[in-house]
Amino acid sequence: MNAAACPTGASPLATAVPASRLARIGLALRRHGRTIRMIQWAVVFVYLALLLIPAALPLPPEDARLFGHLGTIAQFVFWGIWWPFVLISMVLFGRVWCGVFCPEGALAEQASRVGLGRGIPRWLRWQGWPFVAFVLTTVYGQLVSVYQYPLAAALVLGGSTVAAIAIGLLYGRNKRVWCRHLCPVSGVFSLLARLAPVHYRSDPERWTAKAGGPVQPVNCAPLLDIRRLHGAAQCHACGRCAGQRGAVELTARAPSEEIVRHGAQDATRWDLRLVLYGLCGVAMGAFHWTASPWFIDAKQAVAMWLLDHGGERLLDTDAPWWLLTHQPERHDVFSWLDGLMIIAYIGATGLVVGAVLHLLCAIGARLLAQRPAPTAHLSLAFVPLAGAGVFLGLSALTVSLLRGDGFVLPWVGPLRELLLAAAALWTLRLGWGISGRYGAGLHRRLGATLLVAAGAGFVVWGWALLFWLW
Ligand code: SF4
């Protein structure tokens, strides 16, 4: 919509009250939808180039400098910069990445413009997909060494992009059905965005009163009920609804507000599973196994047992590269046993870490309220620590790539300590805030917070093993 279309001659996005600076940013995003689409196509172009060209080239030589070969450049950009800083952007700005920059979302929406436009089937609306897709992608990425090899990256990321386009061609019209229901990282982004200090908020009373601004329906690509918008979890922060009916604006908030205040209604058991079993557990296992002495001991013990019991077949290394890492020229070849042990190690870490945290949250929740105990709500206290862990795990690759190229980074260790400590304190702060929502008295509130503290200590110990103790 443009200003010329407004019969009064005033800006069609004008609201009845003067807009704050933040609100004006939201309105500007709405006005500049065409520019955003151009940005999205530019990102699509860069994304496809980084994904496909290195996959078509021979592997970089083992002694290739970081910025001396397109393959190493793509590896550094994708895994060393892109992913870690997309995670940070979620916590700082909400899901602006999804709404303004994400190439997969843009392609999915574009596909749905020309696709069949079918209704979204029930199986696709299942709330567990973000958890399942995250776990499967994480484990599969480790099996094919997605961080190391361009072909593996093209397979995992490119496969996800092809699936996003296919879903766009089948379901929805001008929508991002993939992003809303199936994207492997949408659940993670939804958790982290709840910590953002800015969000789009709708005032239902102003909405009903049509308090100014445009009233024509807005195309909200992730299919949200804009009238009742109160959080950043699912909102892609695209700005298309800014100023709608004079009721929607980009606004600041306390970073803990969405989790503490709205978590009782918003948190689901799938949120709990994703944050405790997925982000705290499975992700930790995925970053742990290459450095873990437990993994090596267990693998050797199983290998000996197999040799004694006629199971040599599992020691063969004839799996195809798209199933298990197979790069003989790099002396990097996984046996079937490697693959099974990686799955077992990541799965066991996910289950143990998740179960311990789940138990602590369940006891804490019972201290706060009997039925229903707010276990899912309390589990959201772990979002900062879960996000920090994944960021540290991903950025470990950034650090090792830079160090491998001769960069001296003495500040990395202290920075990691600082980040983990800050995230743990934030988790405690959220635990205390959530516990205060149930009117359970000081002792019970303290008890629940101490249980969250115990869980936070357990997660910090898990990351300390990787960075300092092994
Ligand atoms: S509610 Fe929908 S249209 Fe509005 S900013 Fe969020 S994603 Fe965009």
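As the structure is a computational prediction, the values presented were derived from the model and not from experiment.

1. Describing the domain arrangement of the protein
Considered domain by domain, the protein is made up of domain 1 (21-192) and domain 2 (267-469). Placing a centre on the C-alpha atoms of domain 1 and another on those of domain 2 gives a separation of 23 Å. At the junction of the two partners, domain 1 supplies 39 residues and domain 2 supplies 42 residues. Together, the buried faces of domain 1 and domain 2 total about 3600 Å²; carbon and sulfur atoms form 74% of this surface. It is F131, L143 and L191 that lose the most area in domain 1 upon contact with domain 2, and together they represent 19% of the buried surface on that side.

2. Re the site of the ligand
In the neighbourhood of the ligand, the contacting residues comprise Y200, C220, P222, L229, C235, H236, A237, C238, G239, R240 and C241. Across the shell around the ligand, the residue classes break down as eight nonpolar, two polar and one charged.

3. Points about the packing of helix α3 (residues 70-93) against helix α16 (residues 383-404)
Interaxial distance between α3 and α16 falls to 9 Å at its minimum, and their mutual angle equals 150°. Accordingly, the angle class assigned to the pair α3 and α16 is roughly antiparallel. When the axes of α3 and α16 are compared, the crossing they make is left-handed. Two secondary-structure elements touch here, α3 through Q75, F76, W79, G80, W83, P84, L87 and I88 and α16 through V390, F391, L394, S395, L397, T398, L401 and L402. Class assignment for the residues of the contact of α3 with α16 results in 12 nonpolar, four polar and no charged.

4. Quick word on α3
Along α3, the sharpest kink reaches roughly 30°, centred on W82 and followed within four residues by the proline P84. Two residues or fewer past α3, G94 is found with a positive phi of approximately 75°.

Reading the values: the criteria
Residues numbered from 1 in each chain as written. Predicted model: local features only at pLDDT ≥ 70, side-chain atom pairs only at ≥ 80, totals over all residues. Heavy atoms only, no water. Domains from an automatic or database assignment. Contact = heavy atoms within 4.5 Å. Buried area = accessible area lost by both parts, 1.4 Å probe. Near = heavy atom within 4 Å. Nonpolar A, V, L, I, M, F, W, Y, C, P; charged D, E, K, R; others polar. Axes fitted to C-alpha atoms, helices over the stretch in contact; angles between N-to-C directions. Helix = DSSP H or I, 4+ residues; strand = E, 2+ residues; numbered from the N terminus. Parallel < 35°, antiparallel > 145°, perpendicular 65-115°, else oblique. Left-handed = near helix turned anticlockwise from the far one by under 90°. Bend = angle between axes of the 7 residues up to and from the residue.

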